[in-house]
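# Remarks on the overall topology
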Amino acid sequence: MKKIEVCYSPALYPYYRNDEAIVVVSDILRATTAICAAFENGVKRIIPVAGLEEARAWKKKGFLVAAERDGIILDFADFGNSPFNFSPERVKGATIVYSTTNGTQAIEMAAQARGVAIGAFVNLSALAEWLIAEDSDVLVLCAGWKNRYNLEDSVFAGALASALTGSGHYNTSCDSTVAAIELWEIARKDLLGYMEKAAHRHRLKKLGLDDVMPYCNTIDSTRVIPLLKDRFLVEHRDYFSKNHKII
Ligand code: 3SL
């Protein structure tokens, strides 16, 4: 039996850190959903960077850069953080440097773990099945908002924890995981409607960037599982799942 835990904020990460676990980083609005969209649309690899100076330096070297702070695209970047920015025409076969307000900081923070996977509602089942097959402890790291708790990442953590504990291969003695599962049980009845309560949903609305809400709250639109290998995010795609047969 493996264990699953949920860390609700990067600020709490030192208290949950378990380098033997696979860390699933979640930033539903919008970074981890956008990363899944990029791989679904054929990106070759993504270089996540926490700092803007580093992102600028990659840009000077000629790389394609996606970067935002507080939702707003930075002046030196080629595009921002909407999953719709990562269209096949733009990303197919490309290497993209990526820096976001919270998501890429969380990825960098987890880099010493045994494995780092990118989680979102869009790849929920594929990710859960892959984790079960990996037979490893799991720590869900919610990117949150500037170290504060957020609803959308916590609901996702509950959905993943529910899938893993429901499989019979995982258990938990972690109160934050129990709370996340209970939150998921409330939210799952109308996920998109529930997300009206999320503060970041309203930040995005003020900026006119909330067209992503249905996309980010769609479950299982892709089988891609982005994984951190050395310093690159690359794609693992579960072609052979019982739920997704390739004929
Ligand atoms: O926090 C992040 O990393 C971003 O996803 C925030 S935003 O959706 O681009 O505002």
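Report on the accompanying structure.

Moving on: the overall build of the protein. The helix and strand tally for the protein stands at eleven helices and eleven strands. For 247 residues, the compact-globule estimate of 2.2 N^0.38 gives 18 Å, and the protein sits close to it at 17 Å. By its C-alpha atoms, the protein is 50 × 40 × 40 Å across when sized along the principal axes. The buried share of the protein, taken over its 247 residues, is 55%. Entry remark: accessible area of the protein is about 10800 Å², with carbon and sulfur atoms responsible for 51%. Each charge class in the protein was averaged separately, 29 positive and 30 negative side chains, and the resulting centres sit 3 Å apart.

This part covers the site of the ligand. With respect to spatial proximity, 14 residues lie near the ligand, and among them Arg-30, Asn-81, Thr-100, Asn-102 and Gly-103 are the closest. Within the side chain of Thr-100, an N or O atom sits 2.5 Å from an oxygen atom of the ligand. When the ligand sits alone it has 290 Å² of accessible area, and the protein chains cover 100% of it. The pocket occupied by the ligand, as judged from atoms lying within 2 Å of grid points, is the largest cavity. Considering only residue class, the shell around the ligand consists of four nonpolar, seven polar and three charged.

With that out of the way, let us pick up the nonpolar core. General note: in soluble globular proteins, nonpolar side chains tend to be found buried as a group. Within the largest apolar cluster, 76 residues are counted, with the highest numbers of intra-cluster contacts made by Phe-86, Phe-121, Leu-127, Leu-131, Val-155 and Leu-160. Ranked by residues supplied to this core, first place goes to helix H7 (residues 151–166) with eight residues. Formed by ten residues, the second largest nonpolar core is a distinct cluster that contains Ile-47, Ala-67, Leu-74 and Ala-77.

Extensive coverage of strand E7 (residues 115–119) is indicated by the burial of five of its five residues. Burial along E7 is two-sided: the residues Gly-115, Ala-117 and Gly-119 and Val-116 and Ile-118 are all buried. Where strand E2 (residues 22–26) and E7 come together, five bridges link them in parallel fashion. Bridge pairing in E7 links Ile-22 to Gly-115.

Bringing the pairing of strand E6 (residues 95–99) into the picture now. With five of its five residues buried, E6 lies for the most part within the structure. Across the two faces of E6 the burial is the same, with Thr-95, Val-97 and Ser-99 and Ile-96 and Tyr-98 all buried. Direction of pairing for strand E3 (residues 45–48) relative to E6: parallel, over a ladder of four bridges. In the strand pairing of E6, Pro-48 is matched with Tyr-98. Summarising the sheet, strand E4 (residues 64–69) and E6 pair through four bridges and their orientation is parallel. Paired with Leu-64 across the two strands is Ile-96, which belongs to E6.

Our focus in this paragraph is the side chain of Thr-95. The residue Thr-95 is located in strand E6 in this model. Side-chain polar atoms of Thr-95 contact the side chain of Arg-45, separated by 3.1 Å. When near neighbours in sequence (up to four residues on either side) are disregarded, Thr-95 contacts Arg-45, Ile-47, Phe-63 and Leu-64.

This part takes up the packing of H7 against helix H8 (residues 175–187). Remark: H7 packs on H8, axes separated minimally by 7 Å, with the N-to-C direction vectors making an angle of 100 degrees. By the angle class used here, H7 and H8 are roughly perpendicular. Here Leu-151, Ser-154, Val-155, Ala-157, Gly-158, Ala-159, Ala-161, Ser-162 and Thr-165 of H7 lie close against H8, whose contacting residues are Thr-177, Ala-180, Ile-181, Leu-183, Trp-184, Glu-185 and Ala-187. Grouping the constituent residues of the contact of H7 with H8 by class yields ten nonpolar, five polar and one charged.

In this structure, Leu-233 sits in strand E11 (residues 232–237). When residues no more than four places from it in sequence are discounted, the contact partners of Leu-233 are Ile-35, Phe-39, Lys-44, Arg-45, Ile-46, Pro-48, Ile-107, Ile-118, Leu-227 and Leu-228.

About the cut-offs
- Residues numbered from 1 in each chain as written.
- Predicted model: local features only at pLDDT ≥ 70, side-chain atom pairs only at ≥ 80, totals over all residues.
- Heavy atoms only, no water.
- Helix = DSSP H or I, 4+ residues; strand = E, 2+ residues; numbered from the N terminus.
- Rg over C-alpha atoms; globule rule 2.2 N^0.38 Å.
- Buried < 20%, exposed > 50% of the residue type's maximum accessible area, 1.4 Å probe, protein only.
- Areas by Shrake-Rupley, 256 points an atom, 1.4 Å probe, with all protein chains shown as cover.
- Lys, Arg positive; Asp, Glu negative; His and termini not counted.
- Charge placed at Lys NZ, Arg CZ, Asp CG, Glu CD.
- Near = heavy atom within 4 Å.
- Polar contact = N/O pair within 3.5 Å; in protein donor to acceptor, adjacent residues only side chain to side chain.
- 1 Å grid on protein atoms, 1.4 Å probe; cavity = no way out; pocket = protein on both sides within 12 Å on 5 of 7 lines; lining within 4 Å.
- Sits in = over half its atoms within 2 Å of the grid points.
- Nonpolar A, V, L, I, M, F, W, Y, C, P; charged D, E, K, R; others polar.
- Core = buried A, V, L, I, M, F, W, Y, C linked by side-chain atoms within 4.5 Å.
- Pairing = 2+ DSSP bridges.
- Contact = heavy atoms within 4.5 Å.
- Axes fitted to C-alpha atoms, helices over the stretch in contact; angles between N-to-C directions.
- Parallel < 35°, antiparallel > 145°, perpendicular 65-115°, else oblique.

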